[in-house]
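Below, each chain spelled out in residue letters.
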Amino acid sequence: MPTPSYPEAPEGISRRTFISWVTVGWVAFSAALGAGLTAVGRLFFPNVTFEPPQQFKAGFPTEYVVNKVDERFKKKYGVWIVRNEKGIYVLSTVCTHLGCTPNWLDAEAKFKCPCHGSGYYVTGINFEGPAPRPLERFKIALSDDGQLYIDKNVKFQYEKGQWKDAGSFLETAAS
Amino acid sequence: MAGKGGFLESIRESQAWKSIFRHGAPDNPRNKVLIVLMNVFLHLHPIRMKKSGVRMSFTWCMGGLTFFLFLVETVTGVLLMFYYRPTADYAYSDIIALREHVPIGIMREVHRWGAHAMVITVWLHMFRVFLTGSYKPPREFNWGVGVILLVLTLLLSFTGYLLPWDQLAIWAITVGSNMARATPFLGHEGPGASLINMLLGFDAVTAGSDARFALLAGRMVGEATLLRFYVLHCIFIPLIASVLMAIHFWRVRKDGGISGPL
């Protein structure tokens, strides 16, 4: 009676070796896929953006008139620079309601947002409309050459008590 | 049949016809089934369905209407792409030109109103599915696919909103994308962002590296945003939606046909 014959496994490949190689293959494939997807994800964060820098010099303090909202950097950098008797502070032009850009109304001495009517005093404190909190302030300092140095990466929020922090306000000598 | 309509019969007997339609005339139940089964477009549909299942008062035809509007949007959208250039210099004037200078300038309006209509019909479709309880097992997976399709429809509307590149478009996207600031962990003003920055030891999630930045390609809406939204609107989202729609229709068939009790 003939014994049933089974096809023999190819020379040199045992079941154990086969499974090891499949494992190695899958790990390598997963790693390559993960690396590829990470690289594609990174593609969406370019190394250079063609936006105005977040830090910039804004001229000398003497260029700013006391009790006046200066709009020279509103369009490019999105800030108002305000000088009062004591010093200078920098307000963000982003409305705290939904992110539109308010207008400074000199005659009414307030910032007024055209989108939904939020209003802010010259200090940046909100007093009308749907805005839930005051405008944000940015860091202001004096650079070595005596110019104002503004850093939009650092912001100060009134509701967190940060308007008392160093850098939120630049004291100037009476002029 | 034989002997009558010799010309039509000869077409039906030709090799060309038989190579395309591999079944006989629909004069028996088997062929009727084969006609649906062997057609790449129809095979997604149920072979047969209950008469009550396709009553207008029952389905409102909203799923089909939504798909029809998707096709309208695809056709009109491709036609618009022949004229529209997604750059800050040209986008707005191309939109005006589409209305003023291009024949059948109503095409852009059809695309716009079709988009509004599609948002409405997709909501009504969801409402109908809810009212008829058609989200219940075994259809719960298809409900999930449908919810993703609903979100994709809204995202198509949102990305298309920016393309006219007028004041309304720019500020609407500025306001709308501000929500992405509050994305958990991935938005720089969202919950968990400060936790991630603390754990990593440096500012990993900032206005220049968060979910909103990836969406806008910048800290504010600009020309890079226009291009990014254009690609999302014309290629990426429609592609994903098409795949999901195929699954959606297939599962309608596999999960017991159009609505109705099982």
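Residues numbered from 1 in each chain as written. Chains lettered and ligands numbered in written order. Predicted model: local features only at pLDDT ≥ 70, side-chain atom pairs only at ≥ 80, totals over all residues.

It is worth spelling out the overall build of chain B at this point. Within chain B, the secondary structure is distributed over 12 helices and 0 strands. For chain B, the α and β elements follow one another from N to C terminus as α-α-α-α-α-α-α-α-α-α-α-α. Its C-alpha radius of gyration of 24 Å places chain B more than 25% over the 18 Å reference for a compact globule of 262 residues. Dimensions along the principal axes, computed over C-alpha positions, put chain B at roughly 80 × 50 × 35 Å. Put simply, chain B has 262 residues, and 23% of those count as buried. Once local pairs closer than 6 in sequence are excluded, the contacts in chain B between residues at least 24 apart make up 63%. (Helix = DSSP H or I, 4+ residues; strand = E, 2+ residues; numbered from the N terminus. Rg over C-alpha atoms; globule rule 2.2 N^0.38 Å. Buried ≥ 20, exposed ≤ 12 C-beta atoms within 10 Å, placed from the backbone. Contact = placed C-beta atoms within 7 Å.)

Before going further, it helps to examine the pairing of strand β4 (residues 87-92) of chain A. Residues and elements named next belong to chain A. Of all 6 residues that make up β4, 5 are buried, and the element is covered over most of its length. Taken together, the 5 bridges between strand β3 (residues 79-83) and β4 define a ladder with antiparallel strand orientation. Bridging from a neighbouring strand, V79 pairs with S92 of β4. Pairing between β4 and strand β11 (residues 170-171): 2 bridges, direction antiparallel. Bridge pairing links G87 to E171 in β11. Examined bridge by bridge, β4 and strand β9 (residues 137-142) share 2 bridges and lie antiparallel to one another. (Pairing = 2+ DSSP bridges.)

What follows covers the sheet that holds strand β5 (residues 103-105) of chain A. All names here are of chain A. As summarised here, the arrangement of the 4 strands in space is β5-β6-β7-β8, forming an open sheet in which the pairing is antiparallel. Strand pairing shows two members of the sheet lacking a second neighbour, β5 and β8 (126-128), which therefore form its edges. Sheet analysis places strand β7 (residues 119-120) next to β8, joined by 2 bridges and oriented antiparallel. Its bridge partner lying in β8, Y120 is registered against N126.

Let us look at helix α5 (residues 62-81) of chain B. Residues and elements named next belong to chain B. Compared with the 28 Å implied by 1.5 Å per residue over 20 residues, the 28 Å span of α5 between its first and last C-alpha is a close match. Taken together, the buried positions of α5 are G63, T66, L69, F70, E73, T76 and G77. Projected down its long axis, α5 carries its buried residues within an arc of 150°, all on one side. Facing away from the buried side of α5 by over 90 degrees, the exposed positions are L71 and V78. (Expected span 1.5 Å × (residues − 1). Arc of directions from axis to C-beta.)

With 11 residues of chain B at the contact, the number on the chain A side is 8 residues. Within the residue set of the side of chain B that touches chain A, elements represented by two or more residues are α9 (167-177) and α11 (211-216) of chain B. If you tally residues by element for the side of chain B that touches chain A, the top one is α9(B), at 3 residues. Split into classes, the residues belonging to the side of chain B that touches chain A amount to 5 nonpolar, 5 polar and 1 charged. (Nonpolar A, V, L, I, M, F, W, Y, C, P; charged D, E, K, R; others polar.)

Let us now look at the nonpolar core. Counting residues in hydrophobic clusters, the biggest one holds 22 residues, and the most contacted among them are V79(A), I81(A), I88(A), V90(A), L91(A), I140(A) and I150(A). Among residues more than four places away in sequence, those in contact with I88(A) are P61(A), Y64(A), I81(A), V82(A), R83(A), I140(A), L148(A), L170(A) and T172(A). Membership of the second largest hydrophobic core comes to 16 residues, among which are W165(B), I173(B), Y230(B) and C234(B). (Core = buried A, V, L, I, M, F, W, Y, C linked by C-beta atoms within 7 Å.)

Residues and elements named next belong to chain B. Contact geometry for helix α7 (residues 107-131) and helix α8 (residues 140-162): axes closest at 10 Å, N-to-C directions at 160°. Judged on the interaxial angle alone, α8 and α7 are roughly antiparallel. α8 is crossed by α7, and the crossing has left-handed handedness. Across from A115, M118, V119, V122 and M126 in α7, the residues of α8 making contact are G146, L150, T153, L154, S157 and G160. Partitioned by chemical class, the residues of the contact of α7 with α8 number 7 nonpolar, 4 polar and no charged. (Axes fitted to C-alpha atoms, helices over the stretch in contact; angles between N-to-C directions. Parallel < 35°, antiparallel > 145°, perpendicular 65-115°, else oblique. Left-handed = near helix turned anticlockwise from the far one by under 90°.)

Residues and elements named next belong to chain A. Strand direction decides the pairing type here: strand β1 (residues 55-57) and strand β10 (residues 148-156), joined by 3 bridges, are antiparallel. The partner of K57 across the bridge, within β10, is Y149. Relative to β10, β9 is paired through 6 bridges, and the arrangement is antiparallel. Each bridged residue has a counterpart across the sheet, and for K139 the counterpart in β10 is D151. Taking the residues that link successive antiparallel strands as the turn, the β9-β10 hairpin has 5 residues, and the phi of G146 there is positive, at about 90°.

This part covers the environment of V205(B). Residue and element names in this part refer to chain B. Here V205 is to be found in the loop between α10 (193-200) and α11. By the C-beta count within 10 Å, which is 23 here, V205 ends up buried. A sequence separation of 114 residues divides V205 from A91, and the C-alpha atoms of the two residues are 32 Å apart. Dropping the residues within four chain positions of it, V205 is found in contact with L186, H188, A193, I196, N197 and D210.

What follows concerns the environment of A172(B). Mapped onto the secondary structure, A172(B) falls in helix α9. Judged by C-beta crowding, with 17 C-beta atoms within 10 Å, A172(B) ranks as partly exposed.

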